[in-house]
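The primary structure of each chain is shown beneath.
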Amino acid sequence: MSAPEPAASSSGEARKIRKIIHIDMDAFFASVEQRDNPDLRGKPVAVGHGRARGVVAAASYEARAFGVHSAMPSVTAQRKCPELIFTPPRFDVYRAVSLQIRKIFARHTPLIEPLSLDEAYLDLTDCLDDGETATQAAEKIRAAILAETGLTASAGVSYNKFLAKMASDQRKPNGLFVITPKQGPAFVAALPVRKFHGVGPATADKMKKLGIETGADLRACDPHVLAHHFGKAGAFYAAIARGEDHRPVKPDRERKSIGAENTFLADIFTPEAMQEKIAPIVTKVFAACERLRLFGRTVTVKVKYADFQQLTRAQTQSAPVASCDDLSHRAQNLLRPLFPSSKGVRLLGVTVSGFEEMQGEADQLGFAFPCD
Amino acid sequence: MKVTLERSALLKSLGHVHRVVERRNTIPILSNVLLSASGEGLQLKATDLDLEVTEITPADIGQKGATTLPAHTLYEIVRKLPDGAQVSLEAGDNGQLQLRSGRSRFNLQSLPESDFPDLATGDLTHAFKIPAAELKRLIDKTQFAISSEETRYYLNGVFMHVAEVDGQAFLRAVATDGHRLARLETPAPAGAVGMPGIIIPRKAVAEVQKLIEDPEAEIGVELSSTKIRFSIGPVVLTTKLIDGSFPDYARVIPTQNDKFLTVERKDFAEAVDRVSTISSERGRAVKLAVSDGKLVLSVTNPDSGSAVEELEVDYDGAALEIGFNARYLLDIAGQLDSDTALFKMNDSGSPTIIADRDGASALYVLMPMRV
């Protein structure tokens, strides 16, 4: 007999089944536009710029019926759906609505992990009222979102993040789907791996070559083989194939970088054009750094050429970026050797990373509030 | 609707209410200010759905009525009119409103007053009056500690409640961001006793602070568990309260700290400010090494060097080293009133109390940093 384990003796407590909800707003940007402009309701709408080189940031369900989807070039979208109405994005409004939604979440749990403006994981394990189920809470949240923002959301309810995310996709739009611990493994087994959140097209192709096309195939695969082919991610794939995902819902997801990029209407070639085009990008990035109070030591620039070939250049200095001028200076130093360019440049981007503030923050001790 | 009034009176009222209007709005009517002309004068009202400010200003009422106009545009127009000018506002029939003053004429697109939202106040259960200077002090000295962390929304305001100490009732204001805490108190005004503990949102607190212009005035306060209303002269501000429970803050205020240090407040703040120059990023730690009669402040920045400064202090406890965020120390030093600051410390990992040496009405608690 091994030594007694006092923690595990109170059976069940150690492995409490979690209650995770994934909330996903339906066609978020497009729905906001349809809400605020009655002329757009019931019509195929794309949020984005309709001009050459624009891309669709979001498509209404009416537009999706024509095969229009986000990240599609505007020109392609217009061809697929000649009646498509383009409306410029209003990010301030989306951000404001996003905050409204987060306030609704906060009434239910402090454990909120936003993935983007329109998606979040919530952990309600310890926050449900007496007798309330996670499904009821999810319905309450969806109803509150509709009542307070006039927008619909879909919810996935399950016992981990992976399954909650997969579940929210099942009854879109304006629906709710539950995957119980009993149903989890069977649900995953039937799912094609390319639909797994966290498995991109490249990984899916690689898996296909290994004969893995469904969750069941993935589960049958030796975890060591997965680890061999996919490294660290292999262990994650092996776990999710069993419906297991122990990742916690992290309320303050650390930001690792702040960046922005711009695609130009016409390709640029000269150093002067580079200087002109990089200025607004730098301003935008530094403003974001200031707002988030994150000042990194590493500056990365990205260049995409007319032939879509892409390269990045990065430099780390001993001191963090101190001002907009400083950032501009560092970005231009990295870009200067690349201009004049014989190939046209269609996109420039600037990213700041290597934040130090986190270390400082971690050193600050906090009050131990009783029920915080 | 038709009203005429003096530019300065209109500007003053607009100045009070238009700040409530968010610059960017998802709902068009919220960008507008409601103007209603009645026997009492011209009433202006602005809201962001959580907070509402109204003010009645004397005016010549030619015709009663009401409409709404874009708040910031109207404010800018009136601001730019010459001093001493008369302003007339007259509703047209095509949904426009004409503003005339001297030779200027503006036609402004209005939205119907029936669309303007109302903060249904419900019954306000408690009412009291408080001297403006007292209320301002409660706000001024706690505001800096309000948290802006959205996930802890119940810390995004000032907690007000009545506490009884040695048989006397005090009205207390408390704010914390989890790292520092500020607690102010004043003898509870009659009528406050029995009120529920409430959390007044940051924005409302800041507005009340700005609206208090005359420290000699009395401010009327009415509240329920969901709303609070301040009557400040002709201005009435009503706000929803934060719907959450403020943590039991008393538990983080230490009672057993026995290492007492007193220091000249101004000298201390200046020294902290000087040594923290060396830390290039914001919010870096300052180390306080205390021993008999001496306080050594130091900052070490591996990239740029180090700084040390020594101060004479009143201290006879065991030697102690403790780190604090320089910004937080300066914030608190800036709030203290007396010339001498009193630190009550325990150890380098526990909360420290900072207060005025004489007078217990303001109390600050600060968590250390690891150094």
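Please refer to the structure higher up on the page.
Please read these numbers as outputs of a predicted model, since none were measured by experiment. (Residues numbered from 1 in each chain as written. Chains lettered and ligands numbered in written order. Predicted model: local features only at pLDDT ≥ 70, side-chain atom pairs only at ≥ 80, totals over all residues. Heavy atoms only, no water.)

Caption draft 1: Highlighting the overall build of chain A. A count of helices and strands for chain A gives 15 helices and 12 strands. Of all 372 residues assigned to chain A, the portion counted as buried reaches 44%. Here the analysis covers contacts within chain A between residues at least 6 apart in sequence; of these, 63% occur between residues at least 24 apart. Total accessible area on chain A is roughly 19,200 Å²; 53% of this is exposed by carbon and sulfur atoms. (Helix = DSSP H or I, 4+ residues; strand = E, 2+ residues; numbered from the N terminus. Buried < 20%, exposed > 50% of the residue type's maximum accessible area, 1.4 Å probe, protein only. Contact = heavy atoms within 4.5 Å. Areas by Shrake-Rupley, 256 points an atom, 1.4 Å probe, with all protein chains shown as cover.)

Caption draft 2: View of the nonpolar core. F230, F268 and L297 of chain B are the most contacted members of the largest nonpolar core, which totals 97 residues. No other element matches helix α6 (residues 326-335) of chain B, which puts six residues into this core. (Core = buried A, V, L, I, M, F, W, Y, C linked by side-chain atoms within 4.5 Å.)

Caption draft 3: Looking closely at unusual backbone geometry. Here the bond from K172 of chain A into P173 of chain A is cis, since omega is -10°, no more than 30 degrees from zero. With respect to the helices, strands and loops of the structure, P173 of chain A is situated in the loop between α7 (161-168) and β8 (176-178). The residue after F339 of chain A, namely P340 of chain A, is reached through a cis peptide bond having omega -5°. Positive phi, normally seen in glycine, also occurs at N174 of chain A, with a value near 55°. One non-glycine residue, D166 of chain B, lies in the positive phi region at around 50°.

Caption draft 4: Spatial organisation of the interface of chain A and chain B. Facing the 29 residues of chain A at the interface are 32 residues of chain B. Of the roughly 2,700 Å² buried between chain A and chain B on both sides combined, carbon and sulfur atoms contribute 57%. When the area that chain A buries against chain B is broken down by residue, the three leading residues are Q364, L365 and F367 of chain A, summing to 28%. Linking chain A with chain B are zero salt bridges, by the criterion used here. For the interface between chain A and chain B, the tally reads four residue pairs in polar contact (both at pLDDT 80 or more). Of all the elements in the fold, those that place two or more residues in the side of chain A that touches chain B are α2 (28-36), α5 (91-106) and α15 (357-363) of chain A. Sort the elements by how many residues they give to the side of chain A that touches chain B and α5 of chain A lands first, with seven residues. Grouping the constituent residues of the side of chain A that touches chain B by class yields 14 nonpolar, four polar and 11 charged. (Buried area = accessible area lost by both parts, 1.4 Å probe. Salt bridge = Lys/Arg side-chain N within 4 Å of Asp/Glu carboxyl O. Polar contact = N/O pair within 3.5 Å; in protein donor to acceptor, adjacent residues only side chain to side chain. Nonpolar A, V, L, I, M, F, W, Y, C, P; charged D, E, K, R; others polar.)

Caption draft 5: The side chain of D48 of chain B, seen in detail. Residues and elements named next belong to chain B. Its location among the elements puts D48 in the loop between β3 (41-47) and β4 (51-57). Within the local environment of D48, its side chain forms a polar contact with the backbone nitrogen of D50, the two atoms lying 2.8 Å apart. A polar side-chain atom of D48 sits 2.8 Å from a polar atom in the side chain of K203. What D48 contacts, discounting residues up to four positions off in sequence, is V20, E22 and K203.

Caption draft 6: Region of interest: empty space enclosed by the protein. Residues and elements named next belong to chain A. This structure, assessed with the given rule, holds four cavities of 30 Å³ or more. In this model, the largest cavity occupies a volume close to 50 Å³. Sorting the residues of the lining of the largest cavity by element identifies β1 (20-25), α5 and β6 (119-123) as the ones contributing at least two each. Class assignment of the residues belonging to the lining of the largest cavity gives a composition of six nonpolar, two polar and three charged. (1 Å grid on protein atoms, 1.4 Å probe; cavity = no way out; pocket = protein on both sides within 12 Å on 5 of 7 lines; lining within 4 Å. Points joined across faces, edges and corners; volume = space filled by probe spheres on them.)

Caption draft 7: The arrangement of the packing of helix α5 (residues 265-275) of chain B against α6 of chain B in detail. Residue and element names in this part refer to chain B. It is at 10 Å that the axes of α5 and α6 come closest, and there the two elements cross at 155°. Considering the angle they form, α5 stands roughly antiparallel to α6. In the crossing of α5 with α6, the sense of the turn from one axis to the other is left-handed. Contacts between α5 and α6 involve R265, F268, A269, V272 and D273 from the first element and A326, L329, L330 and A333 from the second. Split by residue class, the contact of α5 with α6 holds seven nonpolar, no polar and two charged. (Axes fitted to C-alpha atoms, helices over the stretch in contact; angles between N-to-C directions. Parallel < 35°, antiparallel > 145°, perpendicular 65-115°, else oblique. Left-handed = near helix turned anticlockwise from the far one by under 90°.)

Caption draft 8: Main features of the environment of I354 of chain B. Residue and element names in this part refer to chain B. Summarising the element assignment, I354 is placed in strand β24 (residues 352-356). Residue classification places I354 among the buried residues on the basis of a relative accessible area of 2%. For the pair I354 and Y364, spaced 10 residues apart in sequence, the C-alpha to C-alpha distance is 5.1 Å. Those residues within four positions of I354 in sequence are excluded, and the remaining contacts are L329, I332, L336, L342, F343, L363, Y364 and L366.

Caption draft 9: How the structure looks around helix α3 (residues 132-140) of chain B. Within the span of α3 of chain B, buried status applies to A132, L135, L138 and I139 of chain B. One side of α3 of chain B holds all its buried residues, which, seen down the axis, span an arc of 130°. (Arc of directions from axis to C-beta.)

Caption draft 10: Looking closely at the sheet that holds strand β12 (residues 168-176) of chain B. Residue and element names in this part refer to chain B. Strand order in the open sheet made by the eight strands is β14-β11-β12-β13-β25-β24-β23-β18, with antiparallel pairing throughout. The two strands at the open ends of the sheet, each matched to only one other strand, are β14 (198-201) and β18 (259-264). Across the sheet, the axes of successive neighbouring strands diverge by a mean angle of 25°, strand direction being ignored. Across four bridges, strand β23 (residues 340-345) lies against β24 in antiparallel orientation. Its bridge partner being in β24, L342 is matched across the sheet by A355. Contacts from helix α4 (residues 202-211) reach β11 (157-165) and β14, with the element oriented near 70° to β14. (Pairing = 2+ DSSP bridges.)

Caption draft 11: Local environment of the pattern of salt bridges. In this structure the tally under the stated criterion is 35 salt bridges over all chains. Between K203 of chain B and D48 of chain B there is a salt bridge, with its nearest N and O atoms 2.8 Å apart. Of the two residues, K203 of chain B is situated in helix α4 and D48 of chain B in the loop between β3 and β4; the sequence distance between them amounts to 155 residues. Residue D48 of chain B is classed as buried on the basis of its relative accessible area, which comes to 15%. The closest approach of N and O atoms between R274 of chain B and E309 of chain B, which form a salt bridge, is 2.8 Å. Of this pair, R274 of chain B sits in helix α5 while E309 of chain B sits in strand β21 (residues 305-312), and the two are 35 residues apart along the sequence. Each of E33, R35, D36 and R90 of chain A takes part in salt bridges that share partners, so that together they form one network.

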